[in-house]
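# Reading the structure
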Amino acid sequence: MRGIARRTGSQWWTPLKWLIRIPIQVGRLPVATAREVLKHADDESLGRTMRLGAALWSLPHGPEPEEDAPETVAARAEVDRLLDRLGWTTAQEIGSLSPVHRSVVASLATLIRLGYPCEGDYLAEQARLMHQVAVRDLDMMETYPTEAEQVEHAVASAVLYEPLLAALRRLAQEEESARRFGL
């Protein structure tokens, strides 16, 4: 990993040390997973999108879908309709090769199995909001001068910001509930 050293609290970390500590110490990832992430992050033979994807795909994802379950078949069809509706052609082309795609299918299948199916319009609106977040993520990533630092930022964002975004969503739900229904 290249780049400048970062100051965290009273401690200076080199980018490599920083990138290793985030997944292992903060994200509680196994060392082997962190190694895999670093291998892809440092692979200069890959284009930027493939490099980012390989590094991020190496991170843990949700459970795999149960292939034979009827809920998985329904969820996969719903995800296909969603991607078509959104015009997300790359996600359609990659499909189940992506652990993220498989995680979306598995999550939706779980909702269906438990009697909480996601209505298409709601799911599409949520996906559009997440796309806005992704645009901002990549805008921020591009402020880093090298591809190595950009990939480093993307990995750090996945490990550090995803829990923050989930917490902000819950905080927003608390706020909206209090506004609508009072305390």
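Residues numbered from 1 in each chain as written. Predicted model: local features only at pLDDT ≥ 70, side-chain atom pairs only at ≥ 80, totals over all residues. Heavy atoms only, no water.

## Some points on a nonpolar patch on the surface
Among the surface-exposed residues, Leu160, Tyr161, Leu164, Leu165, Leu168 and Leu171 lie close enough to one another that they form a single nonpolar patch of about 530 Å² accessible area. Of note, leucine 171 is situated in helix H8 (residues 147-181). With a relative accessible area of 52%, leucine 171 lands in the exposed category. (Patch = residues over 30% accessible without salt bridge, like charges linked within 9 Å, V, L, I, M, F, W, Y side chains within 5 Å. Areas by Shrake-Rupley, 256 points an atom, 1.4 Å probe, with all protein chains shown as cover. Salt bridge = Lys/Arg side-chain N within 4 Å of Asp/Glu carboxyl O. Helix = DSSP H or I, 4+ residues; strand = E, 2+ residues; numbered from the N terminus. Buried < 20%, exposed > 50% of the residue type's maximum accessible area, 1.4 Å probe, protein only.)

## Quick word on the side chain of histidine 153
Checked against the element boundaries, histidine 153 lands in helix H8. In this structure, histidine 153 is in contact with Asp137, Met140, Met141 and Tyr144, ignoring residues within four places of it in sequence. (Contact = heavy atoms within 4.5 Å.)

## Details of the confidence of the model for the chain
On average, residues of the chain score 83 in pLDDT, and 79% of them reach the 70 mark or higher. Per-element confidence in the chain ranges from a low mean pLDDT of 46 for strand S2 (residues 11-13) to a high of 97 for helix H4 (residues 70-86). Predicted confidence is poor over residues 1-8, with pLDDT under 50, and the contacts of this stretch with residues over four places away or in other chains come to 31 contacts. Predicted confidence is poor over residues 10-14, with pLDDT under 50, and the contacts of this stretch with residues over four places away or in other chains come to eleven contacts. (pLDDT = per-residue confidence, 0-100.)

## A word on the packing of helix H7 (residues 120-141) against H8
In contact at an axis separation of 11 Å, H7 and H8 are set at 140° when each is read in the N-to-C sense. The angle between the axes of H7 and H8 places the two elements in the oblique class. Note that H7 runs across H8; the crossing there is right-handed. Of the residues in H8, those touching H7 at Tyr122, Val133, Asp137, Met140 and Met141 are Gln150, His153, Ala154, Leu165 and Arg169. By residue class, the composition of the contact of H7 with H8 is six nonpolar, two polar and two charged. (Axes fitted to C-alpha atoms, helices over the stretch in contact; angles between N-to-C directions. Parallel < 35°, antiparallel > 145°, perpendicular 65-115°, else oblique. Left-handed = near helix turned anticlockwise from the far one by under 90°. Nonpolar A, V, L, I, M, F, W, Y, C, P; charged D, E, K, R; others polar.)

## Things to note about the environment of proline 65
Here proline 65 is to be found in the loop between helix H3 (48-57) and H4. For proline 65, a relative accessible area of 9% puts it in the buried group. A sequence separation of 43 residues divides proline 65 from leucine 108, and the C-alpha atoms of the two residues are 9.3 Å apart.

## Topic: the nonpolar core
Residues Ala75, Val79, Leu82, Leu83, Leu86, Val105, Leu108, Ala109, Cys118, Leu123, Ala124 and Ala127 constitute the largest nonpolar core, which totals twelve residues. For this core, the elements supplying multiple residues, two or more each, are H4, helix H6 (99-113) and H7. When residues in this core are grouped by element, the largest group, five residues, is from H4. Contacts of cysteine 118, omitting those with residues within four sequence positions, involve Leu108, Leu111 and Leu123. Counting seven residues, the second largest nonpolar core, distinct from the first, contains Ala41, Leu52, Met141 and Ala154. (Core = buried A, V, L, I, M, F, W, Y, C linked by side-chain atoms within 4.5 Å.)

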